[in-house]
Amino acid sequence: MQIKVGKLKVFNSLTRQKEDFQPLTPPFVGMYVCGPTVYSNVHLGNVRTFLSFDVINRYLRYIGYKVRYVRNITDVGHLSDTGEDKISKKAKLDQLEPMEIVQMYSNDFHHVMSQFNTIPPDIEPSAIGHLMEQIEMTRKLIENGYAYESNGSVYFDVGKYNKAHKYGILSGRNIEDLMSDTRDLDGGADKRNSLDFALWKRADPDHIMRWKTEWSDGFPGWHLECSVMSTKYLGEAFDIHGGGMDLKFPHHECEIAQNVGTYGKSGANYWLHTNMLTVNGQKMSKSLGNSFLPHELISGNHELLDRGYSPMTIRFFILQSHYASTLDFSNVALEAARRGYVRLSNGMRLIEKMKWKEDEGKLDERQSEQINKFCENCYHAMNDDFNTALTIGHLFNMVKKINSLHTRQLKFGEIGQEAFNRMKDTFLGFSRDVLGLKVEADVNYQSLINTILGEYKDAKYNRDFKRVDKLRAELKAEGIVAKDMKDKIEWAFEE
Ligand code: AMP
Ligand code: ZN
């Protein structure tokens, strides 16, 4: 099977591996995704990126690949707009230990990821957990002539690297243009060239996160961790490296330079970038103040929201567009997604219980061919650079058939047992296992119980004791007891 990945390339075989690398059972895929910097709650934009890679992971597994999915946690080294380490800055602000900040926001991240039904990565390494390896890579880069020490910090020498290799291949930028528009946050005067980036930073006296090395008391540069952790767990050449579009430059460009400078190989064969979730055309970001937190969206507790949306509706909303297209956030789009998801999940509920049975229908080849086509199309869509938007369209075609079978407008005999079973497997496989959608009861139990208790009260008032007993028994079967008080009826869970 061939899968088109990213813009150009075709992915059809095994990954290569480092000699000392623990081999997986072929055919296997190594996938590394840049994880969050854990200094704040993840917003919906971040969720979009991690959900997109969740579906890629799910699909590869679904079609039989053994995937080793590595997604890191950035707990040191990512600098803010003011040039301070993001974790350090937040720890000072909140008067907490940096590790408390890391723990708090890692917990939030994991909670959100499980709310949206994502599969956890196989390895979730952290930058601090790989300090030794980062120091080692820095030494190796100095040894190979691609890095230099200056005033206790170590910088990657982009100019020198660019003479031997090309810096900027991923983003298609050229080094002269880059030099004129690069903002300098990590140590201006100490560098030979404004594009040089820090591998190791000397810590200022009030910087709380610091480790001793031969260069200084300091901390690693952000780009280094991903080179170290991806190659440590996936080998020097692996399959897929992902992240949001905003990481393409400079983060991934620097990773490639570090990898080539250390191993002579660029790391991943395919670099996938998810496009941005936008609000009124502007990237959703914490610093722009236009971000939504998942819990605000779920509860509807936000001034820009008409109502709350369930996690599966939000998941569906995100998957309705291809990962490489921008996706604009709006009440109208969410409401449309809500209706779409309900239709799809009704289809899931129906077909889960449906079994093929002999009926009066006569086999109609056109019907079975159509169903086979819908099933194949799901694979074609996902094989074409993981097109979830098209896949959902094909699943909706199946929902029409499922509904017709349910209302008996379409007979089981007309489509035949083979096509029915294939549709059932494919429909459930793609909606549940690949897209990660699950039937979610968006029901307010309290009001449902009150409705039944209202009926119970009416039956009592009308002295219809048969009905009273029946309602009481039905509630009891669900673990609920109706309590007849003097002037009202209450309920409690059965003890
Ligand atoms: P961060 O925690 O800032 O490192 O971001 C974690 C991931 O979310 C990165 O892959 C970012 O590229 C991605 N990301 C940030 N903002 C957005 C957005 N508005 N839409 C999609 N992905 C985003
Ligand atoms: Zn990264």
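We now turn to the structure provided with this report. (Residues numbered from 1 in each chain as written. Chains lettered and ligands numbered in written order. Predicted model: local features only at pLDDT ≥ 70, side-chain atom pairs only at ≥ 80, totals over all residues. Heavy atoms only, no water.)

## Focus: the overall build of the protein chain
Here is step 1 of the chain: The number of helices and strands found in the protein chain is 17 helices and 16 strands.
Here is step 2 of the chain: In terms of overall dimensions, the protein chain has a C-alpha envelope of 90 × 65 × 40 Å along the principal axes.
Here is step 3 of the chain: Put simply, the protein chain has 495 residues, and 54% of those count as buried.
Here is step 4 of the chain: Long-range contacts, defined as pairs at least 24 residues apart, comprise 73% of the intrachain contacts of the protein chain with a sequence gap of at least 6.
Here is step 5 of the chain: Of the accessible surface of the protein chain, which amounts to about 23,500 Å², a share of 49% is contributed by carbon and sulfur atoms.
Here is step 6 of the chain: On the protein chain, the mean spot of the 64 positive side-chain charges and the mean spot of the 67 negative ones are 5 Å from each other. (Helix = DSSP H or I, 4+ residues; strand = E, 2+ residues; numbered from the N terminus. Buried < 20%, exposed > 50% of the residue type's maximum accessible area, 1.4 Å probe, protein only. Contact = heavy atoms within 4.5 Å. Areas by Shrake-Rupley, 256 points an atom, 1.4 Å probe, with all protein chains shown as cover. Lys, Arg positive; Asp, Glu negative; His and termini not counted. Charge placed at Lys NZ, Arg CZ, Asp CG, Glu CD.)

## Section: the sheet that holds strand β6 (residues 153–156)
Here is step 1 of the chain: With respect to topology, five strands assemble into an open sheet ordered β5-β6-β7-β9-β8, the strand pairing being antiparallel. The open sheet is flanked by β5 (147–150) and β8 (211–212), the only strands paired with a single partner.
Here is step 2 of the chain: Alignment of strand β7 (residues 197–202) against strand β9 (residues 217–220), held across three bridges, turns out to be antiparallel. In the strand pairing of β9, K201 is matched with F219. (Pairing = 2+ DSSP bridges.)

## Some remarks on the pairing of β6
Here is step 1 of the chain: Along β6, one buried face is formed by S153 and Y155 and the opposite face, lined by V154 and F156, is buried too.
Here is step 2 of the chain: Relative to β6, β5 is paired through four bridges, and the arrangement is antiparallel. Its bridge partner being in β6, Y148 is matched across the sheet by Y155.
Here is step 3 of the chain: Between β5 and β6, which follow one another and run antiparallel, lie two residues, and N151 among them has a positive phi close to 55°.
Here is step 4 of the chain: Strand direction decides the pairing type here: β6 and β7, joined by three bridges, are antiparallel. If you follow F156 over to β7, its bridge partner there is F197.

## Quick word on the site of ligand 1
Here is step 1 of the chain: The immediate surroundings of ligand 1 are formed by 16 residues, with T49, G244, D246, L277 and M284 found nearest.
Here is step 2 of the chain: Contact distances for ligand 1 include 2.7 Å between a nitrogen atom and a side-chain N or O atom of T49.
Here is step 3 of the chain: Residue D246 places a side-chain N or O atom 2.3 Å away from an oxygen atom belonging to ligand 1.
Here is step 4 of the chain: Protein chains bury 92% of the 500 Å² of accessible surface belonging to ligand 1 in isolation.
Here is step 5 of the chain: Among the elements of the structure, α1 (44–62) and β10 (238–244) are those that each provide at least two residues to the shell around ligand 1.
Here is step 6 of the chain: Tallying contributions element by element places α1 first for the shell around ligand 1, with four residues.
Here is step 7 of the chain: By residue class, the composition of the shell around ligand 1 is six nonpolar, eight polar and two charged. (Near = heavy atom within 4 Å. Polar contact = N/O pair within 3.5 Å; in protein donor to acceptor, adjacent residues only side chain to side chain. Nonpolar A, V, L, I, M, F, W, Y, C, P; charged D, E, K, R; others polar.)

Read these as layout, nothing more, since geometry by itself doesn't imply function.
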